[in-house]
Amino acid sequence: MQRKFRLTRSEDFKRVRRSGKSYAHPLVVLIVQKNDQPRLKIGIAAGRTVGTAVYRNRAKRLLREAMRTLIPSIVSNLDLILIARPGLASATLEDARQALLTLLQRAQILTPIHE
RNA sequence: CAGGUCGGUUGGGCGAUCGCGGUCCUGUGUUUACGGGAUCGAGGAAAGUCCGCACUCCAUAGAGCACGGCGUCGGAUAGCACCCGGGGCGGGGAACCCUCCGUGAGGAGCUAACCUGCCGGACAAGGGCCACAGAAACAAACAGCCACCCUUACCCCCAUCCCCUCUUCCACUGGGAGAGGGGCGCAGGGGUGAGGGGGUGAUGGUGAAAAGGUGGUGUAAAAGACCACCGGCAUCUGCAGUAAUGUGGAUGGCCAGGUAACCCCCGCCGGGAGCAAGGCCAAGCAGGGACGAAGCCGUCUGCGGACGGCGGGAGACUGCUCGUCUUCAUACGUACCCUUUCACACGGUGAUUGGGUCAGUCCCGGGUAGGCCGCACCGAGCGGCGCGGCAACGCACCGCCCAGAGAGAUGAUCGCACAGUGGCGCUUUGGCGUCAUGGACAGAAUGCGGCUUAUAAACGGACCUGAGGU
RNA sequence: GGUCCCGUGGUGUAGCGGCCUAACAUGCGGCCCUGUCAAGGCCGAGAUCGCGGGUUCGAAUCCCGUCGGGACCG
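The rules behind each value
Residues numbered from 1 in each chain as written. Chains lettered and ligands numbered in written order. Predicted model: local features only at pLDDT ≥ 70, side-chain atom pairs only at ≥ 80, totals over all residues. Heavy atoms only, no water. Near = heavy atom within 4 Å. Polar contact = N/O pair within 3.5 Å; in protein donor to acceptor, adjacent residues only side chain to side chain. Helix = DSSP H or I, 4+ residues; strand = E, 2+ residues; numbered from the N terminus. Nonpolar A, V, L, I, M, F, W, Y, C, P; charged D, E, K, R; others polar. Pairing = 2+ DSSP bridges. Axes fitted to C-alpha atoms, helices over the stretch in contact; angles between N-to-C directions. Core = buried A, V, L, I, M, F, W, Y, C linked by side-chain atoms within 4.5 Å. Buried < 20%, exposed > 50% of the residue type's maximum accessible area, 1.4 Å probe, protein only. Contact = heavy atoms within 4.5 Å. Parallel < 35°, antiparallel > 145°, perpendicular 65-115°, else oblique. Left-handed = near helix turned anticlockwise from the far one by under 90°. Salt bridge = Lys/Arg side-chain N within 4 Å of Asp/Glu carboxyl O.

Asks: Got a sec to walk through the protein's contact with RNA strand B? Specific residues and values, please.
Replies: Around RNA strand B, a shell composed of 20 residues is seen, among which Arg3, Lys4, Arg6, Leu7 and Arg58 lie nearest. Of everything in RNA strand B that lies within 4 Å of the protein, sugar and phosphate atoms constitute 69%. Asn57 places a polar side-chain atom, nitrogen or oxygen, 3.4 Å from a sugar or linking oxygen of RNA strand B. Within the side chain of Arg61, a nitrogen or oxygen atom sits 3.0 Å from a phosphate oxygen of RNA strand B. Broken down by element, the residue count for the surface near RNA strand B peaks at 9 residues, all from helix α2 (residues 53–70). A per-class count over the surface near RNA strand B returns 6 nonpolar, 4 polar and 10 charged.

Asks: So, the sheet that holds strand β4 (residues 78–84): which residues are in play, and what are the values?
Replies: An order of β1-β2-β4-β3 is seen for the 4 strands of this open sheet, with the pairing classed as mixed. Only two strands of the sheet have a single neighbouring strand rather than two, namely β1 (21–24) and β3 (40–46). Averaged over all adjacent pairs, the angle separating strand axes in this sheet is 20°, with direction ignored. Bridge count for strand β2 (residues 28–34) against β4 is 7 bridges, and the pairing is antiparallel. What sits directly across from Gln33, in β4, is Asp79.

Asks: Give me the lowdown on the nonpolar core, citing residues and values where you can.
Replies: In this structure, Leu30, Ile42, Met67, Ile74, Leu80 and Leu82 are the most contacted members of the largest nonpolar core, which totals 32 residues. Of all the elements, helix α3 (residues 93–107) adds the most residues to this core, at 6 residues. If near-sequence neighbours (up to four positions away) are discounted, Leu82 is found in contact with Val28, Val29, Leu30, Ile42, Gly43, Ile44, Ala45, Leu63, Met67 and Leu100.

Asks: Describe the packing of α2 against α3, listing the residues and the values that go with them.
Replies: The interhelical angle for the contact between α2 and α3, taken along N-to-C directions, is 55°, at an axis separation of 9 Å. Classified by the angle their axes make, α2 and α3 are oblique. Pair α2 / α3 crosses with right-handed handedness. In this structure, α2 contributes Leu62, Leu63, Glu65, Ala66, Met67, Thr69 and Leu70 to the contact, and α3 contributes Leu93, Ala96, Arg97, Leu100, Leu101 and Leu104.

Asks: So what about the pattern of salt bridges? Which residues, and what values?
Replies: In this structure the tally under the stated criterion is 2 salt bridges. Across the pair Arg97 and Glu94 runs a salt bridge whose closest N-O atoms are separated by 3.0 Å. Within this pair, Arg97 and its partner Glu94 are both found in helix α3, separated by 3 residues, close to a single helical turn.

What is shown is where atoms sit, not what they do.
This is the structure in structure tokens:
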């Protein structure tokens, strides 16, 4: 997942987390917020409850890799935040992809072709 | 060969596909953006933050106080408390041998290499504390022992005196002398006890610790009071060593507890904060400053106003004028802000004095967020090799430029070999085959040095002990 | 990046280097009380003082290291 899809500004994180709509899964939490600009921005977070730095990094890598293949099938003009949960560090890539897929379907932000 | 100890290196390999980040070159494109190529892309601990620096800002005449840290010697270093090499005192440390215990299996001790803790001052700066036990916890007292002196009590001996008996003499109711026995018992002598003065210094025991230990001399009783040996200390001194120190010699007196990881004293070191340090920047805001006006006419009108012209204010363009352009305009009040004085129903109200503000333009201008730099590095740099040194480390030569940062890039899948683990089969018990499983601890964020902690496995060394062979 | 605090029965806390073989409350178990429960009374169990070293005659306490948890500042 390239940097241009990344949500970076601290201000944006606060805005999305405050007023976005969240969907939970045992492995990951998704927060969705509409954006004015016609592009997709995704932020990824892993708190201290996930584990040490090694496990936090692994969780974020899994989320990025799983999200990379899903980006073309997501509606634009959205800001997303993915928050890792403790079980994610020991999960496989396929687990993460399935978790994201169910969350995106529940949030109904997949493009109609992929529905 | 067996056992033990120590430190070193690596810390998963190769290939394919998909994917991520930095730098450089480059293509399309007005920028954003979309590509292509090359190259680089976590660690020995990146961790903990226990120390020491670099660097930056702030503060700063000099010195001191307070506070904190350190404290054997020498070395290394930019610097360091934990680095290197030594010294002293302790603790640990396998097997064999040896010693002890045990009927025995065995256990304990001794011990090599080695590991490890501590290191100024408690013999004079001072204070505090040392539970329980004990007479007493540091300075004397109490109990105890004792020649001597004083007082006193008792016992023994006993002069003299008194009584009785016997012998003998005389001048004979008596007297003298002598012997024996008994009684009171002074002075005196001896002994015992008590009290006081004085001497003595650690015993029986207590305790972690009680004023060196053993043996003797000595004494009223004792004690290093004296002697011999041993142990420690101080002073002087020989030798070895840079030194700490070691090892001898002489002399001296036993000066008299522990605790400074209690306060403290001595010596040395330390100004404070930290890359979110700190520097720069576009725009905007808070704030500050300068200049600062004036309306008139026409058209439309839903009568609020809108538009146009002339004139006016501020600014820009310019060296100046002209000119052009941008922009603003009437709200001046019983308004608002500050202020002086006075009154009252006094956190306020009213009156009053003086000053300022009002449209707009221009200039100065923060802090935070944002962007750029710091910051990806020619450096206490990395890798070789050589020399010096026991080593830490230093020097010389050659080669290299080697991650970066931002909400934070190293991942995923597959295959092949390599160890490891487990199952099954074969087997000469060493291994072979096959199938599964499966790769430690852990992720840079300004950089560096040391320390500490976590760590599967592999490789290769050094030293010591024992046994056997040559 | 920096600073600080806390680890003691199941839980929450006390605890001058020696009365610590560790106290209090609550919880737990047993008995009494009551027709029964609660409350109350009596008795009892329950602690390697996070871990490892050291100083000291003696450590929960002092020092060092380490592990875990937490708070704060920019």
